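Spelled out from the first residue to the last, the chains are:
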Amino acid sequence: MTDPSGQIDHILIEDRKFPPPAEFTKRAVVSTQAQYDEMYAKARDDRDGFWKAEANEHLHWFEPFGDVCQWNAPHAKWFLGGKTNASYNCLDRNIDAGRGDKLAIVWEGEPGDTRTLTYTELRSEVAKCAAALTQIGISAGDVVSIYMPMTPELPIAMLACARIGAIHSVIFAGFSAESIADRNNDASAKMVITADGLYRRGKVLPLKETVDEALAKSPTVEHCLVLQRTGTENVPMTEGRDVWWHDVVDSQSDDFPAVPLDSETPLFILYTSGSTGKPKGILHTTAGYNLWAKRTFDWVFDHREDDIYWCTADCGWITGHSYIVYGPLSAGATCLMYEGAPNHPAEDRFWDLVEKYKVTILYTAPTAVRAFIKWGDEHVEKHDLSSLRLLGSVGEGINPEAWIWYHKMIGGERCPIVDTWWQTETGGIMMSPLPGITATIPGSCTTPLPGIVPAIVDEAGNVVDAQHGGMLCIAEPWPGMLRGIYGDEQRFVEQYWSMVPGKYLTGDNARKDEHGFYWIMGRIDDVINVSGHRLSTIEVESALVSHDAVCEAAVVGRHDDLKGQAIAAFVTIHNREPNEELRKELKLHVRKQIGALAQPDDIRFAATLPKTRSGKIMRRLLRDVASGREVVGDTSTLEDLSVLAKLGDDEA
Ligand code: WTA
């Protein structure tokens, strides 16, 4: 099995298959394999023809576009010369189509307060905010940082920027003052929109204070708009710079037409961490991104007019941009939005919300699913989840055992699961089951969406043999692709386009199986080389998680004189004591599941694993711990690694 060319060995066997229920297929947006095959072939063989028709049907054009795609690798331009507006597509277009009185946002705050906004009401709020931004002095091309709690004003602020052609840069409201200042400075932000405070697990976090600290180091920022959310007293307001939302937005006229913008007008910058160095400002532009977010939403979430759709992400991540704001709103969906923590006031908050609002589509992350498993089934069993018809997963690979739990406990064995693979850079979902037609296999993101042409290559850029893993690239441009790293052309070219010329390098490894299904195998940097065998972290982790006692597992390589690298596993457990006996049992379990080669050399029990703020396990930090010299702790205690997460403050 050893392969000198840098291919990755595949060791995990998963053959459980879940075809879509016939009832689901009957009404699905994509309901036959032939329909997908035809779309896929058309997008591949006649790219311009396919996307021309899609763009004309699904976006509003103030002025028609000429050429569909100008591809000068690595630079793409889409829908050249056309004029559109993402805020118009999300709001006015739906109102014109008769959805004015339909609920766009159904919101619940952490303390339990609620609000609803119809499409007409949402447009009024967006228009007022756009008018206020204009009055304050923001115009097309200016960068506006948004550092806000998950209140309706967060998407309102994003859409107000889009309405006037300002570029939003949403910063997750858990980042430090230092991180805000870095982002403000990198993008030369002219304004920050924030709030007095934020509710988190019943406490109030002082957002404005943090922003003030950041603004002391952000010389380009001239204005700060502050929403009153928590009613915090004595919020410091700097004369001439800071204004309250209720003073300047509420009194504006709600008639502020969307500005016709060139297709390639920057829509937003979103910072994401690189494996090294400072965060990258991923740039997306108007028409291509908007179309990609909308169409991927239609296809993957099988949207129907009466759905109540809930994406549990924060707007501070790409998932929130594409699948709370631009995708579902362009599609005229009703979106539930929740402000707070999943375990406040209790561990059943999500299921309480699903029951109360009769959520039909739920889109969440594996890190959340693993937390629910750990918290216990009783929190789920208390609630009626029969409204759900479709479940989604994003952000990391979902280990097959977590998938099965999600399917049984949340989906009542009737809801298809869409395991969606994509990235901040890709703008929207790239590979995913289509819930009406794909027989899913736990752990696989299955097949590419129309317009996506994956290629799996070895280090020399040659396509790898079937069944082996290699680096996942995308061979053709697609409308939602990133247009650059803001202000850093060199890094853009080096990071994504140099190693495999002409193809977009995703940074992930993947394998294609005999059915043509894709399996993400983890980040390129995370591959472990044991005695010449290149193994994927996800496969070993999934084997560990398939043991009853294991909730979460993170596997990393550490130096080993004999084997090159040894496998170190960090696990969190439930219902068992962390002792030598369990350690042995887990090693044997992996050996039995996937083979002797993959048996971990070290197993360390942890209370929690260090995570990025978006919930991904930080393997890089664990690598440092694994290779450190310190003795493995007392076998009867759990290591507390949560402190490590703080070291990676800037990881997105
Ligand atoms: C990982 C999130 C396996 C992957 C939308 C990718 C996944 C990175 C999946 C992007 C999935 C995301 N299966 N891995 N379904 N979805 N990833 O930019 O490594 O926050 O490259 O975008 O998350 O993370 P980002």
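This is a predicted model, so every value here is computed, not measured.

(A) The arrangement of the domain arrangement of the chain in detail. We note that the domain assignment places domain 1 (22-507) and domain 2 (527-647) within the chain. The centre of domain 1, based on its C-alpha atoms, is set 32 Å off from the matching centre of domain 2. Contact residues are listed per partner, giving 16 residues for domain 1 and 19 residues for domain 2. Counting the contacts that link domain 1 with domain 2 gives 2 salt bridges. Between E459 and R534 there is a salt bridge, with its nearest N and O atoms 3.7 Å apart. If you list the elements that add at least two residues to the side of domain 1 that touches domain 2, you get helix 14 (366-375) and helix 16 (400-410). The element that contributes the greatest number of residues to the side of domain 1 that touches domain 2 is helix 14, accounting for 4 residues. Of the residues in the side of domain 1 that touches domain 2, the class split is 5 nonpolar, 6 polar and 5 charged.

(B) Spatial organisation of the sheet that holds strand 19 (residues 390-394). If you walk across this open sheet you meet the 7 strands as 5-4-17-16-18-19-20, and the pairing is mixed. One side of each edge strand has no neighbouring strand; the edge strands of this open sheet are strand 5 (114-118) and strand 20 (417-420). Taken over all neighbouring pairs, the strand axes of this sheet differ in orientation by 15° on average, direction set aside. Taken together, the 3 bridges between strand 16 (residues 308-311) and strand 17 (residues 334-338) define a ladder with parallel strand orientation. Bridge pairing in strand 17 links W310 to L336. Each of strand 16, strand 18 (361-364), strand 19 and strand 20 is contacted by helix 11 (residues 286-301), which is oriented at about 145° to strand 20, the strand it contacts most.

(C) Just the nonpolar core, in detail. Counting 142 residues, the largest nonpolar core has F79, L122, L133, I193, W245, F301 and Y326 as its most contacted members. Setting aside its immediate chain neighbours within four residues, F79 contacts W51, A55, W61, F65, D67, V68, S263, A287, G288 and L291. Listed in part, the 29 residues of the second largest apolar core include V106, V354, I373 and W405.

(D) Representation of the packing of helix 2 (residues 33-45) against helix 3 (residues 47-58) in the model. Helix 3 packs onto helix 2 with a crossing angle of 115° between their chain directions and a minimal axis gap of 5 Å. Contacts from M39, K42, A43, R44 and D45 in helix 2 reach R47, G49 and F50 in helix 3.

(E) Examining the pattern of salt bridges more closely. The tally for this structure, following the rule as stated, stands at 43 salt bridges. Residues K278 and D186 are paired through a salt bridge, measuring 3.1 Å at the closest nitrogen-oxygen approach. Here the residue K278 occupies a position in the loop between strand 14 (266-272) and strand 15 (280-285), and D186 occupies one in helix 8 (residues 177-187), the gap between them amounting to 92 residues. Of the residues examined, K278 reaches a relative accessible area of 48% and is grouped as partly exposed. Among the residues examined, D186 registers a relative accessible area of 25% and is labelled partly exposed.

Here is what the cut-offs are and how they apply
As a convention, each chain's residues are numbered from 1 in the sequence order in which they are written. Under the rules for a predicted model, residues below a pLDDT of 70 receive no local features and side-chain atom pairs below 80 are neither given nor counted, while totals for whole chains, interfaces and linings still include all residues. Heavy atoms throughout the structure, all of them, feed into the side-chain values; hydrogens and water do not. As used throughout, domain bounds are those supplied by an automatic or database domain assignment. Residue contacts are counted whenever heavy atoms from the two residues lie within 4.5 Å of one another. A side-chain nitrogen of Lys or Arg and a carboxyl oxygen of Asp or Glu constitute a salt bridge if their distance falls within 4 Å. Numbered from the N terminus, helices here are DSSP runs of H or I no shorter than four residues, and strands are runs of E no shorter than two. Under the convention adopted here, Pro, Cys and the residues Ala, Val, Leu, Ile, Met, Phe, Trp and Tyr are nonpolar, Asp, Glu, Lys and Arg are charged, and Gly plus all remaining residues are polar. Strand pairing is assigned whenever DSSP detects at least two bridges linking the two strands. Lines fitted to C-alpha atoms define the axes here, with helix axes fitted over just the stretch in contact, and angles between the N-to-C directions of these axes take values from 0 to 180 degrees. We call a set of buried Ala, Val, Leu, Ile, Met, Phe, Trp, Tyr and Cys residues a nonpolar core when their side-chain atoms join them within 4.5 Å. Accessibility here uses a 1.4 Å probe with only protein chains present; expressed as a share of the type maximum, an area under 20% marks a residue as buried, one over 50% as exposed, and anything in between as partly exposed.

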